[in-house]
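Remarks on the overall topology
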Amino acid sequence: MDFSQQVYQQNQTVWQESIHHPFIKKLSDGSMTLPTFRYYLIQDHYYLRDFARIHELAADASQDQAVKTLLQELANSLHDGEIATRKTFFKELGISQQDVVNTPIAPTTYAYTSHMYRTLTQAGAPAAIAGLLPCAWLYADVGASLQGVTSPVPIFQAWIDSYQSDDYTGPVAKQIKLTDQVARQTDATGRDAMTKAFSRSAYYERDFWQMALDHQDWQ
Ligand SMILES: Cc1ncc(CO)c(N)n1
C-alpha cells in the first residue's frame, strides 16, 4: 500500500474529528460569529506564512531535483492561491496589518508551526514533506464534504468554495504523489519519522479548529 494511503487510514479518527468539527458546522450553517472567523483568519495568516516557508526550506534541504522543483511550485501556488484569497478576506472584514501585529500567535498555531520546523531540522526533508501533507489534504476533504452545502454567510461560503476549486485540489493530488515518491526512496527509519510527522500534523489540524472556537490565548 502507498505510504499516503497507509497514514491516511491510520489517522482517520482524528481526520473525521476535523471534518465533523463544530467549527466546520458553524461555518456551513452560518452560526459562527465574525470575531471567531477573524480570530481563525489571523492565526491562519501566521500559519500560512510558516507553511509556505517550510516548503521553501524543505526544497532547499532536498537532494532530488524533481522534489525541489515540486516543493517550490507548491510554495508558489500557495502564494498565488490561498494566501492571495486570504488578502481579499482581510480587506472585506477590515482586518488591518495593525490588527495582525496586535494579535499574538496563539499556543496551538505556535505548536503546530514549531512542529513542522522541528521535523525538518531533526528528521530532514522526507519527514518535513510528510508533515506538510495533512494540511492541504484535509482542507480538500473538508471542501469535498461540504459539496452541495451553501452557507448563508457569503464570506463563509467563499472560504468553502476556495477549497473546492481545481486550483486547490490539483496541487493536493501532486503533493500526495510527491510524498509517496519520497517514501519509496526512504529507509524504514525515515518512513517512521514520516509517519510520526503526518500524524502529529493531523492532530494539530484538529486542534486548530478548537483553538479558534475557544479564542485560545496564553492566559
Ligand atoms: C491550519 C491550516 N491547515 C491547513 C490549511 C490549508 O492549507 C490552512 N489554511 N490552515
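Residues numbered from 1 in each chain as written. Predicted model: local features only at pLDDT ≥ 70, side-chain atom pairs only at ≥ 80, totals over all residues. Heavy atoms only, no water.

With that settled, the discussion passes to the overall build of the protein chain. Of regular secondary structure, the protein chain possesses 12 helices and zero strands. Along the chain direction, N to C, the helices and strands of the protein chain fall in the order α-α-α-α-α-α-α-α-α-α-α-α. The C-alpha atoms of the protein chain give 17 Å as radius of gyration, which agrees with the globular expectation for 219 residues (17 Å, within 12%). Taking the principal axes of its C-alpha atoms as reference, the protein chain extends roughly 45 × 35 × 35 Å. Looking at the protein chain as a whole, 49% of its 219 residues qualify as buried. Contacts in the protein chain between residues at least 24 apart in sequence constitute 83% of all its contacts with a sequence separation of at least 6. (Helix = DSSP H or I, 4+ residues; strand = E, 2+ residues; numbered from the N terminus. Rg over C-alpha atoms; globule rule 2.2 N^0.38 Å. Buried < 20%, exposed > 50% of the residue type's maximum accessible area, 1.4 Å probe, protein only. Contact = heavy atoms within 4.5 Å.)

Before going further, it helps to spend a moment on the UniProt feature "domain: Thiaminase-2/PQQC" (unreviewed entry) in the protein chain. When the UniProt feature table is mapped onto this chain, "domain: Thiaminase-2/PQQC" (unreviewed entry) is found at residues 9-214. Structurally, residues 9-214 comprises 83% helix and 0% strand, and the distance from its first C-alpha atom to its last is 29 Å. (UniProt positions renumbered as here; feature names shortened; annotations may be inferred.)

Core analysis: the largest hydrophobic core is formed by 69 residues, its most contacted members being Phe-37, Tyr-40, Trp-159 and Trp-209. Not counting residues up to four positions away in its chain, the partners in contact with Tyr-40 are Phe-23, Arg-86, Tyr-139, Trp-159, Phe-208, Trp-209 and Ala-212. (Core = buried A, V, L, I, M, F, W, Y, C linked by side-chain atoms within 4.5 Å.)

Glancing now at the side chain of His-55. For His-55, the position within the fold is in helix α4 (residues 34-61). Aside from chain neighbours lying at most four places away, what touches His-55 is Leu-71, Leu-74, Ala-75, Leu-78, Leu-132 and Gln-175.

Right, let's talk about the site of the ligand for a bit. Around the ligand, the surrounding shell consists of Asp-44, Tyr-47, Leu-48, Phe-51, Glu-82, Arg-86, Cys-135, Tyr-139, Tyr-163, Tyr-168, Glu-205 and Phe-208. Take Asp-44: an N or O atom from its side chain is 2.6 Å from a nitrogen atom of the ligand. For the ligand, a nitrogen atom lies 2.7 Å from a polar atom in the side chain of Glu-205. Alone, the ligand offers 290 Å² of accessible surface; in the complex the protein occludes 100% of this. When residues of the shell around the ligand are traced back to their parent elements, those giving at least two are α4, α6 (82-93), α9 (125-145) and α12 (188-214). In terms of residues, the shell around the ligand owes the most to one element, α4, which gives four residues. Counted by class, the shell around the ligand contains eight nonpolar, no polar and four charged residues. (Near = heavy atom within 4 Å. Polar contact = N/O pair within 3.5 Å; in protein donor to acceptor, adjacent residues only side chain to side chain. Areas by Shrake-Rupley, 256 points an atom, 1.4 Å probe, with all protein chains shown as cover. Nonpolar A, V, L, I, M, F, W, Y, C, P; charged D, E, K, R; others polar.)

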